Amino acid sequence: MNKEEAFQQNRSELVNIAYGMLGNLSDAQDIVQDAYIKWDDVNIEKVDNPRTYLKTIVSRLCIDRFRSAKHQREEYIGPWLPQPVADSDGELPDSNIQLHDQLTIALLHVLENLSADQRAIYLLHDVFDYPFSEIAELLGKKSATCRKAAQRARESIKSNNPPEASSFQESEQIVEDFIEALRSRDITKLQQLITDDAVMYSDGGGKANAVPKPVESLDKVSKFLISIANKTAGQVSIEQTIVNNRPGFRAYMDGQLQSIWSFDIQDRQIRKIFSILNPDKL
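Quantities reported herein were computed from a predicted structural model and do not represent experimental measurements.

Definitions and limits used
- The written sequence of each chain sets the order in which its residues are numbered from 1.
- Under the rules for a predicted model, residues below a pLDDT of 70 receive no local features and side-chain atom pairs below 80 are neither given nor counted, while totals for whole chains, interfaces and linings still include all residues.
- Here the side-chain values reflect all heavy atoms present in the structure, with hydrogen atoms and water set aside.
- Note on conventions: DSSP H or I runs of at least 4 residues are helices, E runs of at least 2 residues are strands, and numbering of each starts at the N terminus.
- By definition, residues are in contact when any of their heavy atoms lie within 4.5 Å.
- In this tally, Asp and Glu contribute negative charge and Lys and Arg positive charge; neither His nor the terminal groups of the chain are included.
- In plain terms, the charge of a residue is placed at NZ if it is Lys, CZ if Arg, CG if Asp and CD if Glu.
- For this analysis, a nonpolar core means a set of buried residues of the types Ala, Val, Leu, Ile, Met, Phe, Trp, Tyr and Cys, connected via side-chain atoms within 4.5 Å.
- Per-residue accessibility, obtained with a 1.4 Å probe over protein chains only, is compared with the maximum for each type, and a residue is labelled buried under 20%, exposed over 50%, and partly exposed between these values.
- Pairing between two strands requires that DSSP report at least two bridges joining them.
- Only centres within 6.5 Å qualify two rings of Phe, Tyr or Trp (six-membered ring in Trp) as a pair; their planes then separate them into stacked at under 30 degrees, edge-to-face at over 60, and tilted for everything else.
- Consider the ring centre and the ring normal. A charge sits over the ring if Lys NZ or Arg CZ is within 6 Å of that centre and within 35 degrees of that normal.
- Patches here: salt-bridge-free residues with over 30% relative accessible area, like charges joined within 9 Å, nonpolar side chains (Val, Leu, Ile, Met, Phe, Trp, Tyr) joined within 5 Å.
- With residues, only the protein chains shown are counted as cover, and all accessible areas are computed by Shrake-Rupley using a 1.4 Å probe.
- The term salt bridge refers to a pairing of a side-chain nitrogen on Lys or Arg with a carboxyl oxygen on Asp or Glu at a separation within 4 Å.
- A helix's residues, less one, multiplied by 1.5 Å, set its expected span.
- Two N or O atoms form a polar contact when they lie within 3.5 Å of each other; inside protein one atom must be a possible hydrogen donor and the other a possible acceptor, and for residues adjacent in sequence the pair counts only when both atoms belong to side chains.
- In this description, a line fitted to the C-alpha atoms serves as the axis of each element, helices being fitted only across the stretch in contact, and the angle between N-to-C directions of two axes falls anywhere from 0 to 180 degrees.
- Orientation is classified from the angle alone, with under 35 degrees giving roughly parallel, over 145 giving roughly antiparallel, 65 to 115 giving roughly perpendicular, and any other angle giving oblique.
- Helix crossings get a hand from a simple test, with the near helix turned counterclockwise from the far one by less than a right angle marking a left-handed crossing and a clockwise turn marking a right-handed one.
- Residue classes follow a fixed rule: Ala, Val, Leu, Ile, Met, Phe, Trp, Tyr, Cys and Pro count as nonpolar, while Asp, Glu, Lys and Arg count as charged, and any other residue, Gly among them, counts as polar.

To continue, consider the overall build of the chain. Looking only at helices and strands, one finds 10 helices and 6 strands in the chain. Counted over contacts in the chain with a minimum sequence separation of 6, partners at least 24 positions apart contribute 67%. Measuring between centres, the 33 positive side-chain charges of the chain sit 6 Å from its 42 negative side-chain charges.

Here it is in structure tokens:
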């Protein structure tokens with residue numbers, strides 16, 4: 001196997017790792033391209049395991065980029081949300097690379113609370129099923145250190161993002177009912193679909209009209225959504241679609257994509273709403 005074949009064979013996994021680490025597809029593509037350039041300078045005959053070598057390059061590049069991005073996101077205007085992958089078949093737009101099923105907007109949003117090392121270790125072990133011995137080698141750490149980091153990350157994620165209890169079909173119906181409640185501006189129906197402790201996040205990045213802080217509680221979220229529906233009545237068209245392998249929708253204003261919406265649904269109710277309006281992420 002030559003270098004080009006080795007890289008292409010692992011490219012899908014590399015893109016998924018980078019996207020999971022950074023929450024931004026454009027940055028993930030840049031990282032994988034940088035890895036390709038580094039890989040091009042390597043003597044493959046001296047590499048025992050090309051897959052491990054490539055993952056090491058990508059993981060370390062991602063950690064450096066994530067640490068840098070942390071500072072930028074502290075200055076970000078309003079809530080920062082991951083760049084969505086909205087596609088009916090879940091394929092990334094640059095090639096036939098399938099998005100990993102667990103890389104939902106809800107999970108990527110919670111991962112923002114972790115350190116760069118914790119995020120990398122959690123993703124590599126709990127999402128991509130790499131053994132701690134391999135992760136330790138990738139990151140230059142001890143296996144025991146990686147185990148502890150993964151446990152801390154797991155506890156943080158579990159408290160903020162419990163496993164989904166609704167099936168895909170149930171979630172799809174709930175999103176459809178949510179859209180219908182908005183169209184009819186039926187706040188009673190809307191409130192039946194949302195949990196008491198619901199939170200709505202809107203990411204405009206200072207480039208689109210979005211709420212600067214999360215909207216919290218059933219009452220405030222439902223009233224806010226109805227106010228949006230009233231203001232945009234007759235101007236917005238909605239297209240139900242798949243966002244990061246979960247039911248969501250696209251909203252169009254005057255024929256132009258205006259926002260992408262994703263949901264965290266637990267026990268047939270919406271717990272979190274993610275509205276991405278920043279044009280750079282659309």
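A word on the nonpolar core. If you look at the biggest cluster of nonpolar residues, it comprises 52 residues, and the most contacted ones within it are Tyr19, Met21, Val58, Leu103, Leu111, Ile121 and Ile135. For this core, the secondary-structure elements that each account for two or more residues are helix H1 (3–22), helix H2 (25–40), helix H3 (50–74), helix H4 (105–111), helix H5 (116–127), helix H6 (132–139) and helix H7 (143–160). The element best represented in this core is H1, accounting for 9 residues. When sequence neighbours within four positions are dropped, the list of residues in contact with Val58 reads Leu14, Ile17, Ala18, Ile31 and Ala35. Grouped together as the second largest cluster of nonpolar side chains are 25 residues, Val175, Val221, Ile226 and Ala251 included.

What follows is about the sheet that holds strand E1 (residues 194–203). Strand order in the open sheet formed by 6 strands is E2-E1-E6-E5-E4-E3, with mixed pairing between adjacent strands. Pairing within the sheet leaves two strands with one partner each, and these edge strands are strand E2 (215–216) and strand E3 (236–243). Where E1 and E2 come together, 2 bridges link them in antiparallel fashion. Bridge assignment links Val199 to a residue of E2, and that residue is Glu216.

So, on to the packing of aromatic side chains. Across all of its chains, the model carries 9 aromatic pairs by this definition. Residues Phe7 and Tyr36 carry aromatic rings whose centres are separated by 4.8 Å and whose planes lie at 75° to one another, so their mutual orientation is edge-to-face. Separated by 29 residues along the polypeptide, Phe7 in helix H1 and Tyr36 in helix H2 bring together distant segments of the chain. Residue Tyr36 is classed as partly exposed on the basis of its relative accessible area of 25%. Members of the aromatic cluster, each reached through a chain of ring pairs, are Phe178, Phe249, Trp261 and Phe263. It is Lys55 that lies over the ring of Tyr130; its NZ or CZ is 3.5 Å from the centre.

On to a negative patch on the surface. On the surface, Glu4, Glu5, Asp40 and Asp41 cluster together into a patch of negative charge. Considering the arrangement of structural elements, one finds Asp41 in the loop between H2 and H3.

Let's shift gears to H3. In this model, H3 (25 residues) spans 36 Å end to end at C-alpha, consistent with the 36 Å of a helix rising 1.5 Å per residue. If you check the start of H3, you find a side-chain oxygen 3.1 Å away from the backbone N of Arg51, and it comes from Asn49.

Secondary-structure assignment places Glu13 in helix H1. Those residues in contact with Glu13 that sit more than four places away from it in its chain are Arg51 and Tyr130.

Their axes nearest at 9 Å, the elements H1 and H3 cross at an angle of 25°. Accordingly, the angle class assigned to the pair H1 and H3 is roughly parallel. Between H1 and H3 lies a crossing of right-handed hand. Across the interface between the two elements, Ala6, Phe7, Asn10, Glu13, Leu14, Ile17, Ala18, Met21 and Leu22 from H1 touch Pro50, Arg51, Leu54, Lys55, Val58, Ser59, Cys62, Ile63, Arg65, Phe66 and Arg73 from H3. Residue classes in the contact of H1 with H3 are distributed as 13 nonpolar, 2 polar and 5 charged.

Bringing the packing of H5 against H7 into the picture now. Look at H5 against H7: their axes get within 9 Å of each other, and the N-to-C directions meet at 90°. Between H5 and H7, the angle is such that the two are roughly perpendicular. For the pair H5 and H7, the contacting residues are Gln118, Ile121, Tyr122, His125 and Asp126 in the first and Cys146, Ala149, Ala150, Arg152, Ala153, Arg154 and Ile157 in the second. Residue classes in the contact of H5 with H7 are distributed as 7 nonpolar, 2 polar and 3 charged.

It is worth spelling out the pairing of E1 at this point. For E1, the tally of buried residues reaches 8 of 10 residues, placing the bulk of the element in the interior. Two strands pair when backbone bridges link them, and E1 and strand E6 (residues 269–276) are joined in this way by 6 bridges, in the parallel orientation. Bridge pairing links Met200 to Ile273 in E6.

Let us look at the pattern of salt bridges. When their charged atoms lie close together, side chains carrying opposite charge are able to pair. Going through the model one piece at a time under the given rule, you end up with 15 salt bridges. The closest approach of N and O atoms between Arg271 and Asp264, which form a salt bridge, is 2.9 Å. Note on Arg271: relative accessible area 15%, which makes it buried. Residue classification places Asp264 among the buried positions, given a relative accessible area of 1%.

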